[in-house]
Amino acid sequence: MDATIEVARRGQITIPKRLRDDLGIEEGQKYALRTLEGGVLVLTPQNGKATAALVKLRQALVAKGASPDELMTELRRKREGEKMP
C-alpha cells in the first residue's frame, strides 16, 4: 500500500489507519527508525531477537549493494518467516 503523509510542525507523522491495521501497528509499540541510502526510512519493531536478526540482514544486503526495493522485499520475507532464495 502506498500512502502520502505530511510532517507536522514538530516533526510528527501519522501513519494512515489502513496501513497501521495491515501491519498490526498499535499505540505504545516501539520502533527503531533507520535511514538507508537515497533517503529511505525504515521502521523496525523493537522486539528483541527479531530486531537483531533484521538489522543483521539489512547490513548484509547493503554490503552486497542491494537496492532499497530489494532490501524491503527481503526484510518483508524475513519478517513473514519465508525462506529466502
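To be clear, the structure that these remarks concern was listed above.
Conventions adopted
Residues numbered from 1 in each chain as written. Predicted model: local features only at pLDDT ≥ 70, side-chain atom pairs only at ≥ 80, totals over all residues. Heavy atoms only, no water. Core = buried A, V, L, I, M, F, W, Y, C linked by side-chain atoms within 4.5 Å. Buried < 20%, exposed > 50% of the residue type's maximum accessible area, 1.4 Å probe, protein only. Helix = DSSP H or I, 4+ residues; strand = E, 2+ residues; numbered from the N terminus. Contact = heavy atoms within 4.5 Å. 1 Å grid on protein atoms, 1.4 Å probe; cavity = no way out; pocket = protein on both sides within 12 Å on 5 of 7 lines; lining within 4 Å. Points joined across faces, edges and corners; volume = space filled by probe spheres on them. Nonpolar A, V, L, I, M, F, W, Y, C, P; charged D, E, K, R; others polar.

**Student:** Explain the nonpolar core to me, please; I cannot follow it from the model alone.
**Tutor:** One recurring pattern in soluble globular proteins is that nonpolar side chains are buried together. In this structure, Leu36, Val42, Leu54, Leu57, Leu61, Leu71 and Leu75 together form the largest nonpolar core, which totals 7 residues. Counting only elements with at least two residues in this core, the list comes to helix H2 (49–63) and helix H3 (68–80). Sorting elements by how many residues they give to this core places H2 first, with 3 residues.

**Student:** Help me out: how do you make sense of the environment of Thr14 in this one?
**Tutor:** Considering the arrangement of structural elements, one finds Thr14 in the segment before helix H1 (17–23). Judged by relative accessible area, which is 58%, Thr14 ranks as exposed. Spatially, the C-alpha atom of Thr14 lies 9.9 Å from that of Thr4, the residues being 10 residues apart in sequence. Not counting chain neighbours up to four residues away, the residues in contact with Thr14 comprise Ile5 and Arg20.

**Student:** What is the right way to read the environment of Leu54 from this model?
**Tutor:** Inspection of the secondary structure puts Leu54 in helix H2. In this structure the C-alpha to C-alpha distance between Leu54 and Leu75, which are 21 residues apart in sequence, comes to 6.7 Å. Among all residues touching Leu54, those that are not within four sequence positions of it are Thr44, Leu75, Lys78 and Arg79.

**Student:** Honestly, the layout of surface pockets in this entry has me stumped. Any pointers?
**Tutor:** To find the voids left in a structure, one rolls a probe of water-molecule size over its atoms. Taken as a whole, the largest pocket holds about 1,400 Å³ of empty space. Lining the largest pocket we find 35 residues, and of these Ile15, Leu19, Leu23, Ile25 and Leu43 sit closest to its centre. It is strand S2 (residues 40–45) that contributes the most residues to the lining of the largest pocket, 6 residues altogether. Taken together, the residues that form the lining of the largest pocket break down as 20 nonpolar, 5 polar and 10 charged.

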